[in-house]
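Chain by chain, the residues:
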Amino acid sequence: MKIKKIIAAAAAAVVAVSTMAISAFADDTYHAYLNVQTNPGWIYRDAWDSDQYGRDVAGWDYSKLAANGEAADIAGTFTDVEITADGTYKVSLTGADLSGEEKFSQLYVSTDIPMGNATVTNVKVTIDGQEKYTFDEAYQADADKKSYVDFHVINIWNDDLGGDEGLFGYMMPNDSVEIEFTISGLGSGEAASNEADTAEAPAETPAETTTTTSPTTGNVPAAVMVSVMAVAGAAAVASKKRK
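The rules we used
In this convention, every chain numbers its residues from 1, walking through the sequence in written order. In view of the model being predicted, local features appear only for residues whose pLDDT reaches at least 70, and side-chain atom pairs are presented and counted only at 80 or more, with totals across whole chains, interfaces and linings using the full set of residues. Where side-chain values are given, they derive from all heavy atoms of the structure, hydrogens and water being excluded. Helix and strand labels come from DSSP, where a helix needs a run of H or I of at least four residues and a strand needs a run of E of at least two; each type is numbered from the N terminus. Calculation of accessible area relied on Shrake-Rupley with a 1.4 Å probe; when residues are assessed, cover is drawn exclusively from the protein chains displayed. Strands were regarded as paired on the criterion that DSSP finds at least two bridges between them. For every residue, the accessible area (1.4 Å probe, protein chains only) is compared with the maximum for its type, and the residue is labelled buried under 20%, exposed over 50%, or partly exposed between those bounds. In this description, contact between two residues means that some pair of their heavy atoms is separated by no more than 4.5 Å. For the purposes of these results, a polar contact is taken to be a pair of N or O atoms within 3.5 Å, where, inside protein, one atom must be able to donate a hydrogen and its partner to accept one; residues adjacent in sequence count only when each atom of the pair is a side-chain atom. Stacked, edge-to-face and tilted labels apply to pairs of Phe, Tyr and Trp rings (six-membered ring for Trp) whose centres lie within 6.5 Å, assigned for plane angles under 30 degrees, over 60, and everything in between, in that order. As a reminder, the over-ring test applies to NZ of lysine and CZ of arginine, requiring each to be within 6 Å of the ring centre and within 35 degrees of the ring normal. By convention in these notes, a salt bridge is any Lys or Arg side-chain nitrogen within 4 Å of a carboxyl oxygen on Asp or Glu.

Engineer: Give a description of the overall build of the chain that names residues and reports values.
Structural biologist: For the chain, the helix and strand inventory stands at two helices and 12 strands. Overall, the chain shows an N-to-C arrangement of helices and strands of α-β-β-β-β-β-β-β-β-β-β-β-β-α. Total accessible area on the chain is roughly 13100 Å²; 51% of this is exposed by carbon and sulfur atoms.

Engineer: Please give an account of the pairing of strand E9 (residues 130-137) that cites residues and values.
Structural biologist: As defined by bridge partners, strand E8 (residues 119-127) adjoins E9 across six bridges and the pair is classed as antiparallel. In the strand pairing of E9, Val123 is matched with Phe135. Here E8 hands over to E9 after two residues, with Asp128 in that stretch at a positive phi of 50°.

Engineer: Give a detailed account of the environment of Gly95, specifying residues and quantitative values.
Structural biologist: Within the fold, Gly95 resides in the loop between strand E6 (87-94) and strand E7 (103-114). Assessed through its relative accessible area of 42%, Gly95 is described here as partly exposed. For the pair Gly95 and Ser176, spaced 81 residues apart in the sequence, the C-alpha separation amounts to 6.2 Å. Leave out the neighbours within four places in its chain, and Gly95 touches Ala75, Gly76 and Asp175.

Engineer: How would you summarise the side chain of Asp112 if you had to cite specific residues and measurements?
Structural biologist: Along the chain, Asp112 turns up in strand E7. A polar side-chain atom of Asp112 sits 2.7 Å from the main-chain amide nitrogen of His31. At 3.2 Å, the side chain of Asp112 and the side chain of Arg55 are in polar contact.

Engineer: For the pairing of strand E10 (residues 148-155), give the residues involved together with the corresponding values.
Structural biologist: Of all eight residues making up E10, seven are buried, and the element is well covered by its neighbours. With six bridges connecting them, E7 and E10 associate as antiparallel partners. Its bridge partner lying in E10, Gln106 is registered against Asn155.

Engineer: Break down the packing of aromatic side chains for me, with residues and values.
Structural biologist: On inspection of all chains with the given rule, the structure shows 11 aromatic pairs. Ring centres of Tyr33 and Tyr62 lie 5.6 Å apart, and the angle between their planes is 75°; this geometry places the pair in the edge-to-face category. A residue pair is termed long-range when its members are at least 10 positions apart, and Tyr33 in strand E1 (residues 30-39) and Tyr62 in the loop between strand E2 (43-45) and strand E3 (66-67) qualify at 29 residues. Each member of the pair, Tyr33 together with Tyr62, is buried. Here Trp48 and Tyr148 contribute two aromatic rings whose centre-to-centre distance is 5.0 Å and whose plane-to-plane angle is 75°, an arrangement assigned as edge-to-face. Of this pair, Trp48 sits in the loop between E2 and E3 while Tyr148 is found in strand E10, placing the two residues 100 residues apart along the sequence. The class for Trp48 is buried, based on a relative accessible area of 8%. The rings of Phe104, Tyr133, Phe135, Phe168 and Tyr170 are connected pair by pair, giving a single aromatic cluster. Above the plane of the ring of Phe78 lies Arg45, whose end atom (NZ or CZ) is 4.1 Å from the centre.

Engineer: Could you give me a rundown of unusual backbone geometry, with the residues and numbers involved?
Structural biologist: Geometrically, the link from Asn39 to Pro40 is a cis peptide bond, its omega value of 10° lying close to zero. Counting through the fold element by element, Pro40 comes out in the loop between E1 and E2. In this model, Trp42 sits at a positive phi of 50°, which is unusual for a non-glycine residue. Considering the arrangement of structural elements, one finds Trp42 in the loop between E1 and E2. A relative accessible area of 32% places Trp42 in the partly exposed class.

Engineer: Help me get a handle on the pattern of salt bridges, residues and values and all.
Structural biologist: Within the structure shown, the criterion is met by seven salt bridges. The partner of Arg55 in a salt bridge is Asp56, and the shortest N-O contact between them spans 3.0 Å. On the basis of relative accessibility, which here comes to 6%, the residue Arg55 falls in the buried class. A salt bridge links Lys124 to Glu180, with the nearest nitrogen and oxygen atoms 3.8 Å apart. Here Glu180 lies in strand E11 (residues 176-184) and Lys124 lies in strand E8, a separation of 56 residues in the sequence.

Printed below as a string of structure tokens:
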């Protein structure tokens, strides 16, 4: 009976350690950003990892709308979001009058979630407070060639999204555009408050650069494996002594 209890305790310890490892993976913090590109004025905010206009490019203020390849004094507030667990999130641009433009060339969300780590569904597009379209599954072109999850709702060069005509009718926003989406596959971790990081434009100071958490590999850390082996070893020794 004592042997059975020892083995049961060892098994319970393994489960507990494994659970701690999974929880640690779920505690990674990622970020999502709304990205736009208009036509014909080329008012835009590129993906966070853009080589020229991205979040971490020195001297570039990622918190602002830009135009024609340069920083511009265009009003608008981007609301980004931190993602720490499965759930529904929203990113937006408010206070920006883009009605002088003809159309969006691109409208999408970029994230620093490594490809294969999450699934995005129920993507809802809202312009000036009116819901325009919902994608049951997020659309990401050439997913096998990309490093991070991003998903488009408008891209005039992509036939799968309706090309130049798009998949849904809309007027360019007088004030706001929002994209809501549901993330799954990250785990339950400590749920994010969904209190988004707000970046106002124009702003007098550059946006702060955030540090991206290293992607989870799925491998159990060495310390965890050592603990599991120690428990299993203790059980084996006890079993031999009993014999």
